[in-house]
Amino acid sequence: MITQPLILHIAIATPLRRLFDYLPATTSESDNLMPGIRVAIPFGHRDLIGIVVSTSNKSCRPQDKLKKIHHVIDAQPIFDDNHMDLLKWASHYYHHAIGEVLFAALPAPFRKNNAITEFDEKIWCLTENGLALDLNLLKKTPKQAQILSFLQQRQSGIDESALTTLYPRAKPSLAALENKGLIAKSAKHDPNDFIKINMSPFELNNEQKSATTAVLKSMDRASVFLLDGLTGSGKTEVYMALMESVIRAGKQCLILLPEIGLTPQQLQRFKDRFEVSIAIQHSGLSDSERTQYWLNAKSGKAKIIIGTRSAVWTPLANPGLYIIDEEHDLSYKQQDGFRYSAKDMLIMRATRDKVPAILGSATPSLETLYNVKKGRFKHLLLCRRTATAKPPQYRLLDIRGRKMYGPLSQPLVDEITQHLNNKNQVLLFLNRRGYAVHLFCHCCGWKAECNRCELPYTYHKHIDRLVCHHCGVTKPYLQNCPECDGSLMLMGHGTERIEEVLAALFPSAVIARIDRDTTRKKNAIHNYLAAIQSGKIDIMIGTQMLAKGHHFPNVTLTGIVDADRGLFSTDFRASERLAQLFMQISGRTGRGRKAGTVIVQTYNPGHPLFQQLIKYGYNHFCNSLLQERSDASLPPYSYMVFLRAEAHYANDAKNFIVKATMQLKKIANNALLLFGPIPALIEKRGGRYRYQLIIQSPDRKSLHKHIARWLDDIESLKDAKKVRWSIDVDPQDIT
Ligand code: ADP
Ligand code: ZN
Ligand code: ZN
């Protein structure tokens, strides 16, 4: 009898939505080739890395055509079965190529030929000299003294990654201590000995207690909770109370945050409370740090895994709790390539692992509120701000006809003066970088527009250039009109302009502008935040960077400079987003002992959005938005998928959508609602015209079933070669 050889079905990092069949390099190798193993393979003329997804004895290609793999990279699977299943599910749900999904879930070195064993971790121990050393002898090198003191108190070895979590940039100090013979590398370590949980400085209030109890009761069940509480109502304390119990049970917590670089304080709170191995996952880390942390999560050593969107793919040996903070945040949806929602994936993981998921927000998304209404998520409410903080006072400021200083009205300027006189801090919010948004000719009406996007350039004064905020192109500033040589005018204000106006009005105030332009350098944001905390800054001007999760206890006045943007957008989510932003900004104010005021400059003081938000609050406002969505059969009352296409010629993009639509009509036979081709909100970007087809259905299953069939057809369309196309499941951003 001839035994069938083992066929390996392998994923590679390609947008092709299929697996590739290979044979093992040797027959003896077959035994160890299980799913999740990485292998080096020949592919065309290149050598690539592949991941074995499954094995069988069948291939749709003739056997003599199959190539052998070069070799196996790791003896162990990089993904265990559970994680592999999750990734396969995601590939299926988002209709995205399995190879790209798997590779996106790996740290960069593992997308290349680096073996897992290259990252076996160093463990640092004291030598006898190190144990006996008088710390005063290290006075001149305080960082070394700190580390040595830590090791002396601890009296056992510790992983390098744990040390660098506690003492960022510790590596040079470690090398120096090693040179002095005070510490040495060792191979031994006890994975559980690095667990010390510090006491919370205060008792949880009653609401926090009942929220905590509710979650604790369903610790080993799949259940989703919305932790709904104003900024400063103590959500993070609830997370930490729950994490404590999960870690004590020997399990791991995965926490997603919208930003980490911007919120070092929040990370620090977790570090202060939990002296455990913490794995950080965000793009600001070096590849080797990130990989080390990833492996610590996978092995179960790290008890806390904390990161931004892509951290949702971190494998866990022993999951106990999933948390997503600021769950409404748009950054949780990837907007290009593999367009997944980290929130939905987190919920999916919790459900599969049968542990709780907590969605925290002061401004929950409509989707989440809807799921609460449906009874799918449990609602935990924290109404009160903690003892020391008071809710802010809102003031809608009608600026029609008011004297203006650039973008700032007289009453706002007066108010700023008063708060500064009282030695308080002021925060002004404008979600637009640069100096001016339009440059146009006063004589003939010519406008400075990016010709790749057909949208106005923003003038950036500090570099004296025009910048396209959509594609990044820049060009020199113009003094005169290229058409008629007339004089040019600047219109529309950005953060640079506010800074200039304030500097003239308040020459003795210290002003900080905090936007993407001023925070490009590595520690810039950290330094700003420290300066704000210590009271060195009087007025800060910020974009939405400042809306996220910061504590500014001495800010007593927040000005929303241009509240009208977004009131009249055609994006059906615009009102929801505007309301969220509005509440988030206001939440920056009066978080300390002092009460805060929020001034909203508007030309539309009667707009129902403001009226409802201020009078009745966010939840009431959302109820009426949900009613509107329901009436219009929009998500969450229906499910959406976009087919997007972009091309250098508008007609190519349009034709492609038309043909693809015909295919789908044939398959779905009126089961789906189709709208298109319609131009994207930003119709042209980076030189490409953008069109889309909106596909909608109240029935998610039917929607996905039809899309899956349709994709094979689209791939075979001749017109598909002329465009860049993509599928976006549950789209969040319709621009
Ligand atoms: P959120 O995460 O909802 O913004 P935090 O958990 O950060 O709120 O709490 C806001 C502030 O209130 C923090 O400084 C925190 O230390 C403090 N705090 C939270 N809970 C309590 C409590 N039960 N008693 C006293 N202070 C508290
Ligand atoms: Zn002109
Ligand atoms: Zn452009």
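Residues numbered from 1 in each chain as written. Chains lettered and ligands numbered in written order. Predicted model: local features only at pLDDT ≥ 70, side-chain atom pairs only at ≥ 80, totals over all residues. Heavy atoms only, no water.

S.K.: So what about the coordination of the zinc ion (ligand 3)? Which residues, and what values?
M.R.: Looking at the metal site, the zinc ion (ligand 3) is ligated by Cys450 (SG), Cys453 (SG), Cys468 (SG) and Cys471 (SG), spaced 2.2 to 2.4 Å from it. Relative to the metal, the four donor atoms surrounding the zinc ion (ligand 3) lie at angles of 106 to 112 degrees, and the coordination shape comes out tetrahedral. Taken in chain order, the donor set of the zinc ion (ligand 3) reads C-x2-C-x14-C-x2-C. Residue Cys450 shares its accessibility class with Cys453, and that shared class is buried. (Donors = N, O, S within 2.8 Å, 3.2 Å for Na, K, Ca; no water. Tetrahedral: all angles 85-135°; square planar, octahedral: opposite > 155°, others 65-115°. Buried < 20%, exposed > 50% of the residue type's maximum accessible area, 1.4 Å probe, protein only.)

S.K.: How would you sum up the coordination of the zinc ion (ligand 2)? Please name residues and give values.
M.R.: When a metal carries six donors in an octahedron, the ideal angles between them are 90 or 180 degrees, while four donors in a tetrahedron ideally lie at 109.5 degrees. Only Cys441 (SG), Cys444 (SG), Cys481 (SG) and Cys484 (SG) from the protein reach the zinc ion (ligand 2) as donors, at distances of 2.2 to 2.4 Å. Classification of Cys484 by relative accessible area gives partly exposed; the value is 36%.

S.K.: Just give me the short version of the domain arrangement of the chain, but keep the residues and values in it.
M.R.: Domain annotation for the chain reports domain 1 (7–111), domain 2 (123–187), domain 3 (196–382), domain 4 (393–435 + 493–628) and domain 5 (639–729). Placing a centre on the C-alpha atoms of domain 1 and another on those of domain 3 gives a separation of 31 Å. Taken together, the contact pairs 20 residues of domain 1 with 19 residues of domain 3. At the boundary of domain 1 with domain 3, total buried surface from both sides reaches about 1,700 Å², with 69% on carbon and sulfur atoms. Counting every contact that joins domain 1 to domain 3 gives zero salt bridges. The tally of links between domain 1 and domain 3 comes to six residue pairs in polar contact (both at pLDDT 80 or more). Sort the elements by how many residues they give to the side of domain 1 that touches domain 3 and helix H1 (residues 81–93) lands first, with seven residues. Taken together, the residues of the side of domain 1 that touches domain 3 sort by class into 16 nonpolar, three polar and one charged. (Domains from an automatic or database assignment. Contact = heavy atoms within 4.5 Å. Buried area = accessible area lost by both parts, 1.4 Å probe. Salt bridge = Lys/Arg side-chain N within 4 Å of Asp/Glu carboxyl O. Polar contact = N/O pair within 3.5 Å; in protein donor to acceptor, adjacent residues only side chain to side chain. Helix = DSSP H or I, 4+ residues; strand = E, 2+ residues; numbered from the N terminus. Nonpolar A, V, L, I, M, F, W, Y, C, P; charged D, E, K, R; others polar.)

S.K.: Describe the packing of helix H17 (residues 574–586) against helix H19 (residues 618–631), listing the residues and the values that go with them.
M.R.: It is the contact of H17 with H19, at a shortest axis distance of 11 Å, that shows an interaxial angle of 170 degrees. Classed by the angle they form, the pair H17 and H19 counts as roughly antiparallel. Facing H17, whose interface residues are Ser575, Glu576, Ala579, Gln580 and Met583, H19 presents Tyr618, Phe621, Leu625 and Arg629. Classifying every residue of the contact of H17 with H19 gives five nonpolar, two polar and two charged. (Axes fitted to C-alpha atoms, helices over the stretch in contact; angles between N-to-C directions. Parallel < 35°, antiparallel > 145°, perpendicular 65-115°, else oblique.)

S.K.: Now, about helix H7 (residues 171–179): what can you tell me, with residues and values included?
M.R.: Of the positions making up H7, those classed as buried are Ser173, Leu174 and Leu177. For H7, the buried positions fall inside an angular range of 100 degrees around the axis, keeping them on one side. In H7, those exposed residues whose orientation departs by more than 90 degrees from the buried face are Pro172 and Asn179. Of the residues trailing H7, Gly181 is marked for its positive phi of about 75 degrees. (Arc of directions from axis to C-beta.)

S.K.: So what about the sheet that holds strand E14 (residues 278–281)? Which residues, and what values?
M.R.: Sheet strands associate in pairs through backbone hydrogen bonding, adopting either a parallel or an antiparallel arrangement. Spatial strand order, E14-E15-E12-E16-E17-E11-E18: seven strands in an open sheet with parallel pairing. The strands lining the two open edges of the sheet, one partner per strand, are E14 and strand E18 (377–382). Taken over all neighbouring pairs, the strand axes of this sheet differ in orientation by 20 degrees on average, direction set aside. By the bridge criterion, six bridges tie strand E11 (residues 223–229) to strand E17 (residues 356–361) in an arrangement that is parallel. Directly across from Ser223, in E17, lies its bridge partner Pro356. Each of strand E12 (252–256), E14 and strand E15 (304–307) is contacted by helix H10 (residues 264–273), which is oriented at about 165 degrees to E14, the strand it contacts most. (Pairing = 2+ DSSP bridges.)

S.K.: Account for the site of ligand 1, with residues named and values stated.
M.R.: If you check the shell around ligand 1, you find 17 residues, and the closest are Gln208, Gly232, Lys235, Thr236 and Arg269. Separating an oxygen atom of ligand 1 from a backbone N or O atom of Gly234 is a distance of 3.0 Å. For ligand 1, whose free accessible area comes to 560 Å², the fraction covered by protein is 78%. Ranked by residue count, the leading element in the shell around ligand 1 is helix H9 (residues 235–248), at three residues. Across the shell around ligand 1, the residue classes tally to three nonpolar, nine polar and five charged. (Near = heavy atom within 4 Å. Areas by Shrake-Rupley, 256 points an atom, 1.4 Å probe, with all protein chains shown as cover.)

S.K.: Could you give an account of the pairing of E15, naming the residues involved and the relevant values?
M.R.: Looking down a regular strand, the side chains alternate between one sheet face and the other. Residues of E15 alternate between two faces, with Ile304 and Ile306 on one and Ile305 and Gly307 on the opposite face, all of them buried. Bridge count for E14 against E15 is four bridges, and the pairing is parallel. The residue of E15 that forms the bridge with Gln281 is Gly307. Once the chain exits E14 it traverses helix H11 (residues 287–299) before rejoining the sheet at E15, and the crossover so formed is right-handed. (Right-handed = clockwise from strand over helix to strand, strands pointing away.)

S.K.: Lay out the layout of surface pockets with the relevant residues and their values.
M.R.: Put simply, the second largest pocket is a space of about 1,000 Å³. Considering the residues around the second largest pocket, the lining is formed by 41 residues, among which Tyr93, Asp344, Tyr639, Arg700 and Asp730 are closest to the centre. Secondary-structure elements contributing two or more residues to the lining of the second largest pocket are H1, helix H12 (342–353), helix H13 (366–373), H17, strand E34 (639–647) and helix H21 (700–716). Considering every element that reaches the lining of the second largest pocket, the biggest residue donor is H12, with six residues. Residue composition of the lining of the second largest pocket, grouped by class: 17 nonpolar, 11 polar and 13 charged. (1 Å grid on protein atoms, 1.4 Å probe; cavity = no way out; pocket = protein on both sides within 12 Å on 5 of 7 lines; lining within 4 Å. Points joined across faces, edges and corners; volume = space filled by probe spheres on them.)

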